[in-house]
Amino acid sequence: MKRQKHSMDLVFALVLFAGFAVCAMLLVLLGARIYSRTAQTMNTVDTPVFLSYLTEKLRSSDGAEAVSVGEDGSLQIGQEMEGGVYVTWIYVEDGSLKESLMSQGQAPIAGAGTVIGQISVFWPKFLTKNLLEIEVMDEQGKTGHRYYHFPV
């Protein structure tokens, strides 16, 4: 016996498919929104992270004699490696805190440094011969200070 086809069978199938398509699209849009927010928060680095990074760089230096602050506000950390003297420059360029390792006597090449993170203010200064103060401000306006005392 043949079953009789009704127009409601086709309408029901189309409505069911449309409902599935709408739910799938909403799920994809929700996932994209969550991913976008997560990626955005992972790209921001907090002020304490910058300060901890700079502190570790200073701890690995050869002492206060090997560290200097340039006229341009850069932090320069000298070190002997593989028979030569090299200087790690930490500076701000185009709103980014950057790091470059150069031979002694050479300045970093514009645009060639490794980006550490986005920052608006980087201000290192020696308060005494063995006491360095570093002030940073990130893009959100959060500021932080760190004092580093070099061992005598």
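Conventions we followed
- Residues numbered from 1 in each chain as written.
- Predicted model: local features only at pLDDT ≥ 70, side-chain atom pairs only at ≥ 80, totals over all residues.
- Heavy atoms only, no water.
- Helix = DSSP H or I, 4+ residues; strand = E, 2+ residues; numbered from the N terminus.
- Core = buried A, V, L, I, M, F, W, Y, C linked by side-chain atoms within 4.5 Å.
- Buried < 20%, exposed > 50% of the residue type's maximum accessible area, 1.4 Å probe, protein only.
- Pairing = 2+ DSSP bridges.
- Salt bridge = Lys/Arg side-chain N within 4 Å of Asp/Glu carboxyl O.
- Axes fitted to C-alpha atoms, helices over the stretch in contact; angles between N-to-C directions.
- Contact = heavy atoms within 4.5 Å.
- Polar contact = N/O pair within 3.5 Å; in protein donor to acceptor, adjacent residues only side chain to side chain.

A. Here's a closer look at unusual backbone geometry. With a phi close to 45°, Glu82 is a non-glycine residue in the positive phi region. Along the chain, the position of Glu82 falls in the loop between β2 (75-81) and β3 (84-93). Phi at Asp94 takes a positive value of approximately 55°, unusual for a residue other than glycine. Among the secondary structure elements, Asp94 is positioned in the loop between β3 and β4 (96-103).

B. Up close: the nonpolar core. Within the largest apolar cluster, 17 residues are counted, with the highest numbers of intra-cluster contacts made by Leu58, Leu75, Ile90, Phe122, Ile134, Val136 and Phe150. When residues of this core are traced back to their parent elements, those giving at least two are α2 (47-59), β2, β5 (114-128) and β6 (131-138). Considering every element that reaches this core, the biggest residue donor is α2, with four residues.

C. Quick look at the pairing of β6. Across the eight residues of β6, six count as buried, placing the element largely inside the fold. Hairpin connection of β5 to β6: two residues between the antiparallel strands. Two elements, β6 and strand β7 (residues 143-149), share seven bridges in a ladder whose sense is antiparallel. Within β7, the residue paired with Leu131 across the bridge is His149. The hairpin turn running from β6 into β7, its antiparallel successor, is four residues long, and Gly141 in that turn takes a positive phi close to 90°.

D. Representation of the pattern of salt bridges in the model. Under the defined criterion, the tally for this structure stands at four salt bridges. A salt bridge links Lys125 to Glu133; its shortest N-O distance comes to 3.7 Å. Residue Lys125 is classed as partly exposed on the basis of its relative accessible area, which comes to 28%. Given a relative accessible area of 8%, Glu133 falls into the buried group.

E. Spotlight on the sheet that holds β4. Pairing is antiparallel across the open sheet formed by seven strands, whose spatial order is β1-β2-β3-β4-β5-β6-β7. Taken across any chain shown, the strands that pair with only one partner, and hence form the sheet edges, are β1 (67-69) and β7. Shown here is a sheet whose adjacent strand axes are inclined to one another by a mean of 30°, direction ignored. Taken strand by strand, α2 contacts β1, β2, β3, β4, β5, β6 and β7, and its axis lies near 15° from that of β7.

F. The arrangement of the side chain of Lys98 in detail. Among the structural elements, Lys98 can be located in strand β4. Accessibility expressed as a relative area gives 8% for Lys98, which makes it buried. A polar atom in the side chain of Lys98 sits 2.7 Å from the side chain of Glu93. Ignoring sequence-local partners within four residues, the contact set of Lys98 consists of Trp89, Ile90, Tyr91, Glu93, Gly111, Gly113, Thr114, Val115 and Ile116.

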